[in-house]
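Take a look at the letters that make up each chain.
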Amino acid sequence: MSWSLRSAAGPGAAAPSDAVVQCESLVHIYQTGSVEVQALQGLDLVVTAGEMIAVVGASGSGKSTLLSILAGIETPTAGRAQVGEWDLLTMARADRVRYRRHMVGFVRQQTASNLVPYLTARQVIDLPMTAAGTRSRARRARCDELLDALGVADCADRRPAQMSGGQQQRVAIAVALANRPRLLLADEPTGELDSTTAADVFAAMRQVNRHFGVTAVIVTHDPQVSGHVERTVAIRDGRTSSEVLRRAAGGTGADTQVIAEEYAVMDRAGRVQVPREYREALALTRRVRLALEHDHITIRPDDPDPAP
Ligand SMILES: Nc1ncnc2c1ncn2[C@@H]1O[C@H](COP(=O)(O)OP(=O)(O)OP(=O)(O)O)[C@@H](O)[C@H]1O
């Protein structure tokens, strides 16, 4: 694995035309009484159609807030957030219901909260389709298709207590995909699972991402996720700070090497966050020297007494 710090243009540069998610300078403030918490502080993110990405970051960095906004649960305070044709800042209340029913599917960490204790897998997958007015024959066909794709056809008539944690999360993914959303969101989907089962659940998400072409955004602390996504976006203090891209290089099959490169994210105003270890290594403080070379830019420590 090779690491280098490169710059990935933020969405301000040029959002690709096939973007499903476009967040630009996104701000979200929670107000509790007189206390304000700025959970997102100008976050930039573009996710293109068919991508599956992971979002990582320290506790409190704003990951769940981002997911709640993309899920249509929270309305952002400022900036831009667009999912498909939907503008999440200006969306009317009635549209929000349609958006949540048809555009996004959501999988939560708590396996139990994704399902209903007294309903079988088939019955719970049926619920969102019934709410959307889908006819019974189409509901049954979709349910069978999802259970098959997720490898849990044998759980069709079981209730949650009769399934393993991994099976429950696969059924939860089926529920989230029932109405054919374009965007699948998952908040710590493997948080309650052991590492083998967690790997299975990530593999199941990858499978539906490829099979149905659904775009997926997974918030997780689980380092295993890196083996299942091509892009990991890190959030720090409510902003996207860096991205790791993975791509196959060299031969085919067993010879294939996976190369991971870390990029810094530049926002619309040209701001780039220099990692702490880089700043400390060169004692970079408040003021630095920037120089434009023909194909790169250098950052040097401020020399208070430069040679004449
Ligand atoms: N409903 C809320 N009301 C007030 N503040 C909130 C609310 N939800 C989150 N916050 C605050 O917003 C900030 C971002 O929280 P968020 O849950 O998005 O972070 P996170 O990265 O998902 O954290 P974790 O990994 O612990 O889930 C934190 O300071 C948190 O305390």
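This is a predicted model, so every value here is computed, not measured.

## A few points about the sheet that holds strand β3 (residues 35-48)
Alright, step 1. One open sheet accounts for 4 strands, arranged β3-β2-β5-β6; its pairing is antiparallel. Either end of the sheet is taken by a strand with one partner, and the two such strands are β3 and β6 (86-87).
Alright, step 2. Both strand β2 (residues 19-32) and strand β5 (residues 78-83) contribute to a ladder of 5 bridges, which runs antiparallel. Residue pairing across strands places Val-27 opposite Ala-78, the latter belonging to β5.
Alright, step 3. Helix α1 (residues 63-70) contacts β2, β3 and β5 of the sheet and is inclined by roughly 65° relative to β3.

## A few points about the pairing of strand β4 (residues 52-56)
Alright, step 1. Taken across its 5 residues, β4 has 5 buried, putting it largely inside the fold.
Alright, step 2. Of the two faces of β4, the one holding Met-52, Ala-54 and Val-56 and the one holding Ile-53 and Val-55 are both buried throughout.
Alright, step 3. Across 4 bridges, the pairing between β4 and strand β9 (residues 215-219) is parallel. For Ile-53, the partnering residue across the bridge sits in β9 and is Val-217.

## Quick notes on unusual backbone geometry
Alright, step 1. Not every positive phi belongs to a glycine, and Ser-25 is a case in point at roughly 45°.
Alright, step 2. Take Ser-25: it is sitting in strand β2.
Alright, step 3. Since 20 C-beta atoms lie within 10 Å of it, Ser-25 is described here as buried.
Alright, step 4. Despite not being glycine, Asp-237 has its phi angle at roughly 50°, a positive value.
Alright, step 5. In this fold, Asp-237 is placed in the loop between β10 (231-236) and β11 (239-249).
Alright, step 6. With 17 C-beta atoms counted inside 10 Å, the residue Asp-237 sits in the partly exposed group.

## Thoughts on the confidence of the model for the protein
Alright, step 1. Looking at the protein, the pLDDT average stands at 88 and 90% of residues meet or exceed 70.
Alright, step 2. Taken over the whole predicted complex, pTM reads 0.86, whereas the ipTM for its chain interfaces reads 0.96.

## Focus on the site of the ligand
Alright, step 1. In the vicinity of the ligand, the contacting residues are Tyr-30, Thr-32, Val-37, Ala-39, Gly-57, Ser-59, Gly-60, Ser-61, Gly-62, Lys-63, Ser-64 and Thr-65.
Alright, step 2. Mapped onto the shell around the ligand, the elements with two or more residues apiece are β2, β3 and α1.
Alright, step 3. Residue contributions to the shell around the ligand peak at 3 residues, all from α1.
Alright, step 4. Within the shell around the ligand, the residues separate by chemical class into 3 nonpolar, 8 polar and 1 charged.

## Side note on the environment of Ala-198
Alright, step 1. In this fold, Ala-198 is placed in helix α7 (residues 195-212).
Alright, step 2. Residue Ala-198 is classed as buried on the basis of its 21 C-beta neighbours within 10 Å.
Alright, step 3. Sequence separation between Ala-198 and Gln-224 is 26 residues; the distance between their C-alpha atoms is 8.2 Å.
Alright, step 4. Apart from residues no more than four positions distant in its own chain, Ala-198 is found in contact with Thr-190, Leu-193, Asp-222 and Gln-224.

## Here we look at the environment of Val-20
Alright, step 1. Checked against the element boundaries, Val-20 lands in strand β2.
Alright, step 2. Sequence separation between Val-20 and Gly-227 is 207 residues, and the spatial gap between their C-alpha atoms is 23 Å.
Alright, step 3. The contact partners of Val-20, leaving out residues within four places of it in the chain, are Val-47, Thr-48, Ala-49, Val-83, Gly-84, Arg-182, Leu-183 and Thr-215.

## Side note on the pairing of strand β8 (residues 183-187)
Alright, step 1. Where burial is concerned, most of β8 is hidden: 5 out of the 5 residues are buried.
Alright, step 2. Relative to β8, strand β7 (residues 104-107) is paired through 4 bridges, and the arrangement is parallel. Bridge pairing links Gly-105 to Leu-184 in β8.
Alright, step 3. The sheet contact formed by β8 and β9 spans 5 bridges and is parallel.

## As for the packing of helix α4 (residues 121-131) against helix α6 (residues 165-177)
Alright, step 1. Relative orientation of the contacting elements α4 and α6 amounts to 25°, with a least axis distance of 8 Å. Between α4 and α6, the interaxial angle falls into the category roughly parallel. By crossing handedness, the relation of α4 to α6 is classed as right-handed. Residues Ala-121, Val-124, Ile-125 and Pro-128 of α4 form the contact with α6, whose participating residues are Val-171, Ala-174 and Val-175.

Basis of the calculations
Residues numbered from 1 in each chain as written. Predicted model: local features only at pLDDT ≥ 70, side-chain atom pairs only at ≥ 80, totals over all residues. Pairing = 2+ DSSP bridges. Helix = DSSP H or I, 4+ residues; strand = E, 2+ residues; numbered from the N terminus. Contact = placed C-beta atoms within 7 Å. Axes fitted to C-alpha atoms, helices over the stretch in contact; angles between N-to-C directions. Buried ≥ 20, exposed ≤ 12 C-beta atoms within 10 Å, placed from the backbone. pLDDT = per-residue confidence, 0-100. Near = placed C-beta within 6 Å. Nonpolar A, V, L, I, M, F, W, Y, C, P; charged D, E, K, R; others polar. Parallel < 35°, antiparallel > 145°, perpendicular 65-115°, else oblique. Left-handed = near helix turned anticlockwise from the far one by under 90°.

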